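Structural characterization, general
Letter by letter, the chains look like this.
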Amino acid sequence: MLSRIKTPEFHSIKITDSLFKHYVDLIAKKMLPYQWDVLNGKGECVKSYCINNFKIAAGVLSGEHKGVVFGDTDAYKWLEAVAFCAMNGEKDFIPVADELIELIEKAQQPDGYLNTYFTVVHPKQRWKNLREGHELYSAGHLFEAATAYYQATGKERLLNVACRFADLICKVFGPGQDQCKGYPGHQLVELALMKLYRVTGKTDYLKLARFFIDERGGSPNYFIEEMKQEDHLRIFPELTDYDPAYSQSHMPPVKQETAEGHAVRAMYMYSAMADIAQACGDEELKTTCRKLWDNVTLKRMYITGGVGSSGLLERFTTDYDLPNDRMYCESCASIGIMMFGQRMASLYRDASYYEAVERALYNTVIAGISAEGDRYFYVNPLEVWPDNCLEHTSIHYVKAVRQPWFDVACCPPNIARTLASLGQYICAVDDRSLYINLFISSEMEIDINGNPVRVKMESTLIQGGKLKISVCTNGKKAITVRIRIPSWLENPVFYSNAEEIHPAMENGYAVLAVNREGEQNFELSGKTPARLMTANLNVRADIGKVALTKGPFVYCLEEKDNGNNLAALRIRADAIVEEDVPQKDLPGDLPTLKVKGQRVISTIKDSMQLYGTPEFQTKEQEIKAIPYCIWGNRGSGEMRVFIDTVY
């Protein structure tokens, strides 16, 4: 029987890639101290009351709870990022983290309950508004932080806090006669319980995660019934007219076939479903995950890997509804699809799932943070015209520049913890193989079934069409190195110690044998041409338009390079795309692209009129594009991914 595919220890992977090292290095140097100041209410940005709320709940500070109901999660995600940085050798914030953990422990109630909002503001309303209260969601982020911190430091204090709370939740919720039959309004605790289960071995956590999935979407709907209670606490006015599909509670998850509702909640729930399907060997749940994955990636995902078309309620809409200028594509949702895809690749042992993981990471997730590491996008549009990014309009959520912080600040610490744990997406292992899933230059020291293995990967697939991998083992046990062959790589050819080889292909991986002591060198070469891509005819927003791409990178036009009114630019659908030198003032050493095009300079005879008889005039213009992931780092201006074509 094949062993489960799992991630190696994070401390064993050192990232050397020119793009990702830039951002990973910023986490400990810039992001953690910046975010810590923000969480303590310092700085010029939106006021955060996160740490103060813990102090009030712990009884060490007097005052009122302020901020959003789920504000505790910002501290938990910050702690998780600290843990992952510690695994990578960056331990400067461990003393600060330990003090925060001591504070969190003091805020925990005698029975294990931990939530600053309900402890301070509504102590008698525990578990009475699962739809909006985010108690279980907040608990989930605590559990994730606790497992990561324990794995990074060996310290059990936060893990014990998490287990006390998890044990309480196991008592409150479940199938028993006196237990609550509710489930979280915002999913996350399910996948977090799976992490806690794997660290502690306590099967109660697995059972509870399964209960939350199995119970969800029953009839009558738990949330609708909850709203009927006389003492029901209303928190979010926009959820008064409640649609159960918003929280994926409109039907049992195992019966769902289309991605509905809030995109982040959906991605977190699907990730948990994949975890449970693997842990329990549940084929029906596994099949459901496949159906949902296909619906998202084949009909409801943007070219950048973003998901969530509607700014209203941050949700999925319908198949092929993918507008470019008023989309949402929350950064957290792209992180969620990375999480889901990673689990699906493990569940099906299939490399193809990393196509979407890669697309989301290389485009939307990286775009969510500035090159300096201190500004963030919550929403990731494919088209921006700064002049119409106005407050009090239907697209007020679209920002032309990254923001220092947000009232709802889930994205900044989520990006930090994701980049700090990037190694988990680069590779995976089972008891026989090393799986190379992303081509991010790195050095690894990993263990495969007791066999120490050193790996060095140098990737210039984007710049020069080559991937070099050296593998060194003691030769006592034969292993295989499985290298994902991406769809964007043309004419792949393998070499072993400079001789061409023809490895077997299994589920999208080239399988290379390593069966002797010492170092073996492999090379993959191929072509990664810049090319034009277009959308399915059913994507109405993109009919007659093309996007520039190279490998997994989507490119965009910026006003700084191409002038204003980018909507006036046109290129031929068969235009030749050329590579150019990297933009020196942007990170990553990534090539820019250029293509000959046209600019519409006149549409009507009398240009002073708003409408008139068509009289089009154009002029030739060379169009320049940069990777979408690094747009918005050179000041405010228009941006556009899809370009209109001429035939």
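Above this text you will find the structure in question.
Presented here is an overview of the structure given in this document. (Residues numbered from 1 in each chain as written. Predicted model: local features only at pLDDT ≥ 70, side-chain atom pairs only at ≥ 80, totals over all residues. Heavy atoms only, no water.)

Attention now moves to the overall build of the protein chain. Broken down by element type, the protein chain carries 17 helices and 22 strands. Expected size for 647 residues packed as a compact globule is a radius of gyration near 26 Å; at 25 Å, the protein chain falls within 12% of this value. Among the 647 residues that make up the protein chain, the fraction classed as buried is 59%. Long-range contacts, defined here as pairs at least 24 residues apart, represent 70% of the contacts in the protein chain between residues at least 6 apart. (Helix = DSSP H or I, 4+ residues; strand = E, 2+ residues; numbered from the N terminus. Rg over C-alpha atoms; globule rule 2.2 N^0.38 Å. Buried < 20%, exposed > 50% of the residue type's maximum accessible area, 1.4 Å probe, protein only. Contact = heavy atoms within 4.5 Å.)

Below, the discussion takes up the packing of helix α3 (residues 72–87) against helix α6 (residues 135–153). Between α3 and α6, the least distance of the axes is 8 Å, while the angle of their chain directions is 20°. In this view, α3 runs roughly parallel relative to α6, as classed from their interaxial angle. At the point where α3 passes α6, the crossing takes the left-handed sense. Touching Thr73, Tyr76, Lys77, Leu79, Glu80, Val82, Ala83, Phe84, Ala86 and Met87 of α3 are Tyr137, Ser138, His141, Leu142, Glu144, Ala145, Ala148, Tyr149, Gln151 and Ala152, all from α6. Here the residues of the contact of α3 with α6 sort into 13 nonpolar, 4 polar and 3 charged. (Axes fitted to C-alpha atoms, helices over the stretch in contact; angles between N-to-C directions. Parallel < 35°, antiparallel > 145°, perpendicular 65-115°, else oblique. Left-handed = near helix turned anticlockwise from the far one by under 90°. Nonpolar A, V, L, I, M, F, W, Y, C, P; charged D, E, K, R; others polar.)

Attention shifts here to the sheet that holds strand β12 (residues 509–514). For sheets, the rule is that strands pair by backbone hydrogen bonds, running either parallel or antiparallel. In space, the 5 strands of this open sheet follow the order β3-β4-β8-β12-β11, with mixed pairing throughout. Every other strand in the sheet has two partners, leaving β3 (427–429) and β11 (504–506) as the edge strands with one partner each. Here the average twist between neighbouring strands, direction ignored, is 30°. Here strand β4 (residues 433–436) pairs with strand β8 (residues 479–484) via 4 bridges, running parallel. Bridging across to β8, Ser433 finds its partner in Thr480. (Pairing = 2+ DSSP bridges.)

With that settled, consider the pairing of strand β22 (residues 643–646). As paired strands, strand β15 (residues 545–550) and β22 are joined by 2 bridges and run antiparallel to one another. Each residue of the ladder has a partner; that of Val546, found in β22, is Ile643. Here strand β17 (residues 569–572) pairs with β22 via 3 bridges, running parallel. Note on β22: the bridge partner recorded for Arg570 is Asp644.

Examined against the element boundaries, Glu135 turns out to sit in helix α6. A relative accessible area of 2% means that Glu135 is categorised as buried. With 66 residues separating them along the chain, Glu135 and Val69 place their C-alpha atoms 8.6 Å apart. When neighbours within four sequence positions are excluded, Glu135 is seen to be in contact with Tyr113, Asn115, Phe118, Arg126, Trp127, Lys128 and Leu130. Side chain to side chain, Glu135 and Tyr113 meet in a polar contact 2.6 Å long. (Polar contact = N/O pair within 3.5 Å; in protein donor to acceptor, adjacent residues only side chain to side chain.)

Pairing of side chains with opposite charge becomes possible as their charged atoms draw close. Taken as a whole and judged by the stated rule, the model has 40 salt bridges. In this structure, Glu558 engages Arg634 in a salt bridge whose closest nitrogen and oxygen atoms are separated by 2.9 Å. With Glu558 in strand β16 (residues 553–558) and Arg634 in the loop between β20 (614–627) and β21 (639–640), the pair connects residues that are 76 residues apart, well separated along the chain. Taking relative accessible area as the criterion, Glu558 reaches 5% and is therefore assigned buried. Given a relative accessible area of 14%, Arg634 falls into the buried group. Salt bridges sharing partners connect three or more residues here, namely Glu80, Glu144, Lys195 and Arg417. (Salt bridge = Lys/Arg side-chain N within 4 Å of Asp/Glu carboxyl O.)

So, on to the side chain of His134. Position of His134 relative to the elements: it lies in the loop between α5 (116–120) and α6. Here His134 is in contact with Val69, Phe70, Asn115, His186, Phe236 and Arg265, once residues within four sequence places are set aside.

Another aspect to go through is unusual backbone geometry. Of the consecutive residues Ser219 and Pro220, the connecting peptide bond is found in the cis state with omega at 0°. The residue Pro220 is located in the loop between α9 (203–215) and α10 (222–227) in this model. In the Ramachandran plot, Arg349 falls in the positive-phi region, its phi being about 55° despite a non-glycine side chain. Checked against the element boundaries, Arg349 lands in the loop between α13 (331–348) and α14 (354–367). For Arg349, a relative accessible area of 19% puts it in the buried group. With a phi close to 55°, Asn565 is a non-glycine residue in the positive phi region.

In total, this model carries 31 aromatic pairs according to the counting rule given. A centroid spacing of 5.0 Å and a plane angle of 70° characterise the contact between Tyr183 and Phe223, whose relative ring orientation is edge-to-face. Of this pair, Tyr183 sits in the loop between α7 (157–172) and α8 (189–200) while Phe223 sits in helix α10, and the two are 40 residues apart along the sequence. When its relative accessible area of 1% is taken as the criterion, Tyr183 is described as buried. Under the relative-accessibility criterion, Phe223 is labelled buried at 0%. Consider the rings of Tyr270 and Phe340, whose centres lie 5.5 Å apart with planes at 50°: the pair is tilted. Here Phe340 lies in helix α13 and Tyr270 lies in helix α11 (residues 263–280), a separation of 70 residues in the sequence. (Phe/Tyr/Trp six-rings, centres within 6.5 Å; stacked < 30°, edge-to-face > 60°.)

Take helix α2 (residues 50–58) next. Side chains of residues three or four places apart in an α-helix project in the same direction, reflecting 3.6 residues per turn. Taken across its 9 residues, α2 has 7 buried, putting it largely inside the fold. Within the span of α2, buried status applies to Cys50, Ile51, Asn53, Phe54, Ile56, Ala57 and Ala58. Where α2 is buried, its residues meet α1 (20–39), α3, α4 (94–107) and α5.

Turning our attention to the environment of Glu615. Within the element layout of this structure, Glu615 appears in strand β20. Residue classification places Glu615 among the partly exposed positions, given a relative accessible area of 35%. Considering only alpha carbons, one finds Glu615 and Lys605, 10 residues apart in sequence, at a separation of 5.8 Å. Among residues more than four places away in sequence, those in contact with Glu615 are Ser602, Thr603, Ile604 and Lys605.

A word on the sheet that holds strand β10 (residues 499–501). What the 7 strands build is an open sheet, ordered β1-β5-β6-β7-β13-β9-β10; its pairing is antiparallel. If you trace the sheet from one side to the other, it starts and ends with β1 (13–15) and β10, each paired once. Averaged over neighbouring strand pairs, the angle between their axes works out to 25° when direction is ignored. As paired elements, strand β6 (residues 451–459) and strand β7 (residues 466–473) share 7 bridges and run antiparallel to each other. Opposite Val453, over in β7, you have Thr473 as the bridge partner.

Note on placement: Asn451 falls in strand β6. Using a relative accessible area of 1% as the deciding quantity, one classes Asn451 as buried. Within the structure, the side chain of Asn451 is placed 3.2 Å from the backbone oxygen of Lys477, a separation counted as a polar contact. Here Asn451 is in contact with Ile446, Thr473, Asn474, Lys477 and Ile479, once residues within four sequence places are set aside.

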